[in-house]
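Spelled out from the first residue to the last, the chains are:
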Amino acid sequence: MAEEIFDGKIASEMTLGEAIVRGILPEPKYVIAMYSYKKELDQLKKRIQALSNQGLITENQKLLEQLRRALEQAEGLDIVFEKHMEKKNGKYIVFCSGKEHMDEMKEQVSTWFRRVDREPRIYTAFYNDTATDREFREFKKDNSAHLKLLFCIDMLNEGVHVDDVDGVILLRPTAMWST
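Conventions we followed
- Residues numbered from 1 in each chain as written.
- Predicted model: local features only at pLDDT ≥ 70, side-chain atom pairs only at ≥ 80, totals over all residues.
- Heavy atoms only, no water.
- Helix = DSSP H or I, 4+ residues; strand = E, 2+ residues; numbered from the N terminus.
- Buried < 20%, exposed > 50% of the residue type's maximum accessible area, 1.4 Å probe, protein only.
- Contact = heavy atoms within 4.5 Å.
- Areas by Shrake-Rupley, 256 points an atom, 1.4 Å probe, with all protein chains shown as cover.
- Arc of directions from axis to C-beta.
- Pairing = 2+ DSSP bridges.
- Axes fitted to C-alpha atoms, helices over the stretch in contact; angles between N-to-C directions.
- Phe/Tyr/Trp six-rings, centres within 6.5 Å; stacked < 30°, edge-to-face > 60°.
- Lys NZ or Arg CZ within 6 Å of the ring centre and 35° of its normal.
- Salt bridge = Lys/Arg side-chain N within 4 Å of Asp/Glu carboxyl O.

A.B. asks: Help me out: how do you make sense of the overall build of the protein chain in this one?
C.D. replies: Helices and strands together make up the secondary structure of the protein chain, namely 8 helices and 4 strands. Reading the helices (α) and strands (β) of the protein chain from amino to carboxyl end gives α-α-α-α-α-β-α-α-β-α-β-β. Residues counted as buried form 30% of the 179 residues belonging to the protein chain. Of all intrachain contacts in the protein chain linking residues separated by at least 6 positions in sequence, the fraction that spans at least 24 positions is 72%. By element, 50% of the accessible surface of the protein chain is carried by carbon and sulfur atoms, the whole surface being about 13000 Å².

This is the structure in structure tokens:
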């Protein structure tokens, strides 16, 4: 019966890695990009200027300048999304760290996704928002020819299934550490 119904693929108590290796789940494709590097560079510059050793300051300023030039020559997020979003009219869940962060990221949509879709459909879902249920329903039933982005905060964690999601975008600020 399992052969007939599940095409011979039965999952029971296996790791995510095993499920991928056995072909039960597709292998995820990870793309890493830095979108807030200018803020990070400013923070590094301040930390360098606060050093007491002039030799360290000079050496670190040279390295910082090399890093800045390399980052400025890297592809912009519009190119990254164009290159890696296989389904241009797909549904993507965009995870943000908080309401202020989400609002800031939503302002970037027209720049970041312009090469994918000039008129993407934007939805928002976060805990304690009265419009979340409606937004979530609309996102799930949207079958338009446009890119669909559901911006989330503290929602859609483990256990919540959304049909037809083509990818996940994790927008999290990078934490700086000190030694």
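Having seen the structure, we can now continue with the description.
A.B. asks: Is there a simple way to explain helix H8 (residues 132-141) in this structure?
C.D. replies: Owing to its 3.6 residues per turn, the α-helix aligns residues three or four sequence positions apart on the same side. The complete set of buried residues in H8 reads Thr132, Glu135, Phe136 and Phe139. Seen along its axis, H8 keeps its buried residues to an arc of 100°; they face one direction. In H8, those exposed residues whose orientation departs by more than 90 degrees from the buried face are Asp133, Arg137 and Lys141. Tucked into the core, H8 has its buried residues touching strand E1 (91-95), strand E2 (121-126) and strand E3 (148-153).

A.B. asks: Would you mind going over the sheet that holds strand E4 (residues 165-170) with me for this structure?
C.D. replies: Two pairing modes exist for strands in a sheet, parallel and antiparallel, and in both the strands are linked by backbone hydrogen bonds. Spatially, E2-E3-E1-E4 is the arrangement adopted by the 4 strands of the open sheet, whose pairing is parallel. Each edge of the open sheet is held by one strand with a lone partner, namely E2 and E4. Taking each pair of neighbouring strands and ignoring which way they run, the sheet shows an average axis angle of 20°. Across the sheet, H8 touches E1, E2 and E3, and the angle it forms with E2 is around 140°.

A.B. asks: Which parts of the structure should I look at to understand the packing of aromatic side chains?
C.D. replies: The geometry of an aromatic ring pair is captured by two quantities: the separation of the ring centres and the angle between the planes. Inspection of every chain in the model, using the stated rule, returns 2 aromatic pairs. A ring pair is formed by tyrosine 123 and phenylalanine 139, whose centres lie 5.8 Å apart and whose planes are at 70°; its orientation type is edge-to-face. Within this pair, whereas tyrosine 123 is found in strand E2, its partner phenylalanine 139 is found in helix H8, the two being separated by 16 residues in sequence. With a relative accessible area of 0%, phenylalanine 139 lands in the buried category. The positively charged end of lysine 91 is found above the aromatic ring belonging to phenylalanine 139, 5.7 Å away from the centroid.

A.B. asks: Honestly, the pattern of salt bridges in this entry has me stumped. Any pointers?
C.D. replies: Once the charged atoms of two side chains with opposite charge are near each other, the side chains can pair. Enumeration over the complete set of coordinates arrives at 12 salt bridges. Of the charged contacts in the structure, one is a salt bridge between glutamate 18 and arginine 22, with a shortest N-O distance of 3.8 Å. The exposure class assigned to glutamate 18 is partly exposed, which follows from its relative accessible area of 33%. Its salt-bridge partner being lysine 141, residue glutamate 138 comes within 3.5 Å of it at the nearest N-O pair. With a gap of 3 residues between them, glutamate 138 and lysine 141 both fall in helix H8, about one helical turn apart.

A.B. asks: Would you mind going over helix H6 (residues 99-106) with me for this structure?
C.D. replies: Of all the residues in H6, the buried ones are His101, Met102 and Met105. Along the axis of H6, the buried residues cluster in a sector spanning 100°; they form a single face. Check the buried side of H6 and you find it contacts helix H7 (109-112), E2 and E3.

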